Amino acid sequence: MTPRLPAHVKETEHSVLENQTQTDPPPVAAPAPAKTYTVIPLRHPWRWITAALVLAVLGFVGKAFLAADIDYAVVLKYLTSAGILAGVRNTLVLLLASMGVGLVLGVLTAVMCQSPNPVLRWVGGGYVWLFRGTPLLVQLLIWFNLSIIFENFSIPGLFSIPMNTLMTPFVAALLGLGINEGAYISEIVRGGILSVDHGQREAASAIGMSRAKTMRRIVLPQAMRVIVPPLGNEFIACLKFTSLAYTISYSELLHSANKIYTANFKVIELLFTAALWYIALTTVFSLFQQLLEDRLSRGVPGARTGFLDRLRRNLSLRRAS
Amino acid sequence: MNTDVIVRAEQVTKSFGDLQVLKGIDLEVSRGQVLCIIGPSGSGKSTFLRCINHLEKIDGGRLIVNGSLVGYREVGEKLYELPDRAVCSERANIGMVFQHFNLFAHKTALENVIEGPIQVKGTNKKKAIAQGLSLLERVGLAHRAHAYPRAMSGGQQQRVAIARALAMEPKLMLFDEPTSALDPELVGEVLDVMRDLARSGMTMVVVTHEMGFAREVADGIVFMDEGRVLESGSPTQLLGSPREERTKAFLGAVL
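## Points about the overall build of chain B
Link 1 in the chain: Across its full length, chain B holds nine helices and twelve strands.
Link 2 in the chain: For a compact globule of 255 residues, the expected C-alpha radius of gyration is about 18 Å, and chain B comes in at 18 Å, within 12% of that figure.
Link 3 in the chain: By its C-alpha atoms, chain B is 50 × 45 × 35 Å across when sized along the principal axes.
Link 4 in the chain: Scored against the burial criterion, the 255 residues of chain B give a buried share of 56%.

Okay, structure coming up:
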């Protein structure tokens, strides 16, 4: 393979030179005909070798999976089965609801962390510390088992309902994911607020704007450009974290797959079905994220990452739960 | 008290931690007067300017602007700190122009100018836009009304910043080294706007290094050094025949 490469390059160069002599008229007052050189590009044998090695390893893995006792027809068949589709729907419902809770809590907490009131600052900081400092899985299990310590959820004189009735798997998953996301999102929003030049706030004060109005009209709109990219990542991370709700038997995607394979024993097939759905959803959301970021960064100079970069980042395991 | 005094400082002191940056400032600015504050960096001149509209809190002394105490309400022997809202409404009467312009980066020139009138004074939008356009016209930037700050030169941004301050119809304009961040060739256009403003009778306090501007436009000049007013007087007197050695040394270095 390697000896062919320079020959090929030489060929194209010759053809370019020939083309020039055919189409361009000779320059006026041309000096003596210049010497023509053949450029020999640097060879990179190791690139070929490493590429071949990596492809070989991939080939072995692929072959192993093809030869393994997996019924790919089952993987595809269940992709659109009623049970799996219901799981996808529940996953999306949980995702949207908990991101909603997370956004509200996150923005509130970020603003609290900027407050001149020290108690609000401490409470905001403590919330972030507690919920980022404990694994999401542990939080989910605690929410779900809350009825062990609180028999009833009640506001004295108003109402009282048994905790077991209130804390359904959905509510426990929503609280767990939403409150956890809120802690992460508050840090994202706080970073965005800090990225806005202090002079912007002073200028707003100087024309007599109140603190709240300055935050709403001057600081937050400018913080958005910094907030949106990591928020998109958070959204996609949260999509994957919804699978943890499986442990408290909320019937999201993974739980639906589990229900099917405990009946038909096609374990790997159904897990593959679920995995295909997850990767399809993250890919679609990554695409949306890219479009949104492109819109927000219009006219602003700076590095842009491509869609594939973003996809790679979103698929990576970012934090241990 | 004489109502024609717009700013009166009496023994104003201010510290940042252990560092006392203002060590008892006394000065007066009358209505329609242009006062230039000059002095070496670190002399406290910008800090004093920021105290006038309460961007910095003073530690001691009294600072009276537009006939009322800045940031406090005096009742007998007590000074009550004013709530945020009252401080805001005091600030609305004082325009401020910053060294680094500080235009709202996400708003166009016109949006920058109408933000204060609409959001703070409650002017209706139509009226604010008409007023904003005429202010931009006044600073020579009517044709840039819909440009964003990042698309404008420093000189243009600073002129928009002046228009933004004027939109609040202030009784007093503060300028904090308005030309120090500009390319030399852009300084003139900003000074021209400030000169026109002074001629129109606006009361101005200007912290500046532009001695030519000070000589031509100022009614009075104050020389500050190490947190004190070392010398004050008319431009001809202070720039022409300064009394203090420190002033002579400073002017020798900058002129």
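Picking up where we left off.
## A word on the pattern of salt bridges
Residue and element names in this part refer to chain B.
Link 1 in the chain: The tally for this structure, following the rule as stated, stands at 20 salt bridges over all chains.
Link 2 in the chain: For Glu81, the salt bridge identified is with Lys57, shortest N-O distance 2.8 Å. With a gap of 24 residues between them, Glu81 in strand E7 (residues 78-81) and Lys57 in the loop between helix H1 (45-52) and strand E4 (60-65) connect regions that are remote in the sequence.
Link 3 in the chain: The class for Lys57 is partly exposed, based on a relative accessible area of 41%.
Link 4 in the chain: Linking Arg195 and Glu216 is a salt bridge whose minimum nitrogen-to-oxygen distance equals 2.9 Å. Note that Arg195 is positioned in helix H6 (residues 184-199) and Glu216 in helix H7 (residues 211-217), a separation of 21 residues in sequence.

## Some points on the interface of chain B and chain A
Link 1 in the chain: The interface of chain B with chain A comprises 23 residues on the first partner and 21 residues on the second.
Link 2 in the chain: Considering only the surface of chain B that becomes buried against chain A, B:Phe104, B:His106 and B:Gln119 emerge as the three largest contributors, covering 29% of it.
Link 3 in the chain: A salt bridge links A:Glu202 to B:Arg50; the nearest nitrogen and oxygen atoms lie 2.4 Å apart.
Link 4 in the chain: Linking chain B with chain A are eight residue pairs in polar contact (both at pLDDT 80 or more).
Link 5 in the chain: Sorting the residues of the side of chain B that touches chain A by element identifies helix H2 (84-91), strand E8 (94-97) and helix H3 (109-121) of chain B as the ones contributing at least two each.
Link 6 in the chain: Per element, the largest residue contribution to the side of chain B that touches chain A is four residues, and it comes from H3(B).

## Some points on the packing of helix H5 (residues 118-133) of chain A against helix H8 (residues 169-195) of chain A
Residues and elements named next belong to chain A.
Link 1 in the chain: Taken N-terminus to C-terminus, the directions of H5 and H8 make an angle of 120 degrees; their axes are 9 Å apart at the nearest point. Classified by the angle between their axes, H5 and H8 sit oblique to one another. Once H5 is placed against H8, the crossing between them reads as left-handed. Here Tyr127, Val128, Phe131 and Arg132 of H5 lie close against H8, whose contacting residues are Ile179, Asn180, Gly182, Ala183, Tyr184, Ser186 and Glu187.
Link 2 in the chain: Tallied by class, the residues present in the contact of H5 with H8 amount to six nonpolar, three polar and two charged.

## What about the state of the cysteines?
Residues and elements named next belong to chain B.
Link 1 in the chain: In the structure shown here, the tally under the stated rule is zero disulfides over all chains.
Link 2 in the chain: Here Cys36 is not disulfide-linked; the sulfur of Cys51 is the nearest cysteine sulfur, at 19 Å.
Link 3 in the chain: Between Cys51, a free cysteine, and Cys88, which holds the nearest cysteine sulfur, the sulfur-to-sulfur gap is 17 Å.

## Some points on the side chain of A:Gln139
Link 1 in the chain: In this structure, A:Gln139 sits in helix H6 (residues 136-144).
Link 2 in the chain: Excluding anything up to four places from it in sequence, A:Gln139 contacts A:Phe131, A:Thr134, A:Gly176 and A:Asn180.

## Quick word on the sheet that holds strand E1 (residues 5-16) of chain B
Link 1 in the chain: Taken in spatial order, the four strands make up an open sheet running E2-E1-E4-E5 (chain B), and their pairing is antiparallel. Edge positions in the sheet fall to strand E2 (19-30) and strand E5 (68-69) of chain B, since each has one partner strand and no second.

Analysis parameters
The residue numbers shown here count from 1 along each chain, following its written sequence. Whichever chain is written first becomes A and whichever ligand is written first becomes 1, with later ones labelled in order. Only residues with pLDDT of at least 70 are given local features in this predicted model, and only at 80 or more are side-chain atom pairs given and counted; all residues enter the totals for whole chains, interfaces and linings. Only hydrogens and water are set aside when side-chain values are computed; all heavy atoms of the structure are taken into account. Each helix is a run of H or I in the DSSP string that is no shorter than four residues. Each strand is a run of E no shorter than two, and both are numbered from the N terminus. The globule rule is 2.2 Å times the number of residues to the power 0.38, and the radius of gyration it is compared with is taken over C-alpha atoms. The classification of residues rests on relative accessible area computed with a 1.4 Å probe and restricted to protein chains. Under 20% of the type maximum is buried, over 50% is exposed, and intermediate values are partly exposed. Only one rule defines a salt bridge in this text: a Lys or Arg side-chain nitrogen within 4 Å of an Asp or Glu carboxyl oxygen. We call two residues in contact whenever any of their non-hydrogen atoms come within 4.5 Å of each other. When two components associate, each loses some accessible surface as probed by a 1.4 Å sphere; the sum of these losses over both components is called the buried area. Counted as a polar contact is a pair of N or O atoms within 3.5 Å, where, for protein atoms, one must be capable of donating a hydrogen and the other of accepting one, and residues adjacent in sequence contribute only when both atoms are in side chains. Between the N-to-C directions of two axes lies an angle of 0 to 180 degrees, each axis being a line fitted to C-alpha atoms and, for a helix, fitted only over the stretch in contact. Roughly parallel refers to an angle under 35 degrees, roughly antiparallel to one over 145, roughly perpendicular to one between 65 and 115, and oblique to any angle outside these ranges. Left-handed is the label given to a crossing in which the near helix is rotated counterclockwise from the far helix by less than a right angle, and right-handed is the label when the rotation is clockwise. In this count, Pro and Cys sit with the nonpolar residues alongside Ala, Val, Leu, Ile, Met, Phe, Trp and Tyr, while Asp, Glu, Lys and Arg are called charged and the others, Gly among them, polar. In plain terms, two cysteine sulfur atoms within 2.5 Å form what is called a disulfide here. One requirement defines pairing of two strands: DSSP has to find at least two bridges between them.

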